[in-house]
Amino acid sequence: MSIVAPGTSVPEFRLKREDGSDFTREDLLGHTTVLVFYPFAFSPVCTDQLQIYEEALEDFAAQGATLYGVSTDASWSQKAFREKLGVSIEQLSDFEPGGMTNRALVIVGPDGVVRWSHLADSPGDLPGVGLIFDGLAASTVS
């Protein structure tokens, strides 16, 4: 699997929010967004990943970044996962029966252009929170 490269404009897409409303490319415009792609709700690495990122949300916000979790789980499963973990990171569903996303991080600038991206070597690799801060730092360098 490949990942969208920095400098690429984000294509049109449609994901579902927890309440069933759409999340599209338009929702990315005007602010820095970190899309956290994870394979499955309730899996051990995904659980650790979201809990670790939750602890750093204020630091991300201080840098002007908003995080979203994205998986191929159904919205109701993501809602149960978020509530069970006690995290506030909004979850976006790209539901596809039998589908699975790789673990990846994508930072999108306010203009809808990918600024930085990272694809984990395997679904079992947890991208540490420092990697997001490195990505945010790299994405602001002109």
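Residues numbered from 1 in each chain as written. Predicted model: local features only at pLDDT ≥ 70, side-chain atom pairs only at ≥ 80, totals over all residues. Heavy atoms only, no water.

Student: Please clarify how the pattern of salt bridges should be interpreted in this entry.
Tutor: Opposite charge on two side chains permits them to pair, given that their charged atoms come into close proximity. In total, this model carries seven salt bridges according to the counting rule given. For arginine 82, the salt bridge is made with glutamate 83, and the minimal N-O distance between the two is 3.9 Å. Look at arginine 82 and you get buried, because its relative accessible area is 17%. In the salt-bridge network here, residues are joined through shared partners; they are Arg14, Lys16 and Asp22. (Salt bridge = Lys/Arg side-chain N within 4 Å of Asp/Glu carboxyl O. Buried < 20%, exposed > 50% of the residue type's maximum accessible area, 1.4 Å probe, protein only.)

Student: Looking at this structure, how should I read the environment of valine 10?
Tutor: Topologically, valine 10 is positioned in the segment before β1 (14-16). Residue classification places valine 10 among the buried positions, given a relative accessible area of 11%. Distance from valine 10 to leucine 28, taken between C-alpha atoms, is 9.1 Å for residues 18 residues apart in sequence. What valine 10 contacts, discounting residues up to four positions off in sequence, is Arg25, Leu28, Val108, Gly112 and Val114. (Helix = DSSP H or I, 4+ residues; strand = E, 2+ residues; numbered from the N terminus. Contact = heavy atoms within 4.5 Å.)

Student: Can you help me understand unusual backbone geometry in this one?
Tutor: A negative phi angle characterises most non-glycine residues, just as the trans form characterises most peptide bonds. Even without being a glycine, phenylalanine 42 presents a positive backbone phi close to 75 degrees. For phenylalanine 42, a relative accessible area of 44% corresponds to the partly exposed category.

Student: Sorry if this is basic, but what is going on with the pairing of strand β7 (residues 114-119) here?
Tutor: Looking along a regular strand, one sees side chains alternate from face to face of the sheet. Relative to β7, strand β6 (residues 104-108) runs antiparallel, the two being bridged by five bridges. Paired with leucine 105 across the bridge in β7 is histidine 118. Hairpin geometry of β6 and β7 is characterised by an intervening segment of five residues between the two adjacent antiparallel strands and by a positive phi of about 80 degrees at glycine 112. (Pairing = 2+ DSSP bridges.)

Student: Sorry if this is basic, but what is going on with the pairing of β6 here?
Tutor: The element β6 is extensively covered by neighbouring structure, given that five of its five residues are classed as buried. Here β6 shows a buried face lined by Ala104, Val106 and Val108 and a second buried face lined by Leu105 and Ile107. Sheet topology places strand β3 (residues 32-37) next to β6; five bridges connect them, and they run antiparallel. Across the sheet, the residue bridging to phenylalanine 37 is alanine 104, located in β6.

Student: Would you take a moment to explain the nonpolar core for this structure?
Tutor: Val34, Tyr53, Phe60, Leu67, Phe81, Ile132 and Leu136 are the most contacted members of the largest nonpolar core, which has 21 residues in total. For this core, the leading source of residues is helix α1 (residues 44-55), giving three residues. Once residues lying within four places of it in the same chain are set aside, the contact partners of phenylalanine 60 are Tyr53, Ala65, Leu67, Val129, Ile132, Phe133 and Leu136. (Core = buried A, V, L, I, M, F, W, Y, C linked by side-chain atoms within 4.5 Å.)

Remember that the coordinates give geometry; whether it matters functionally is a separate question.
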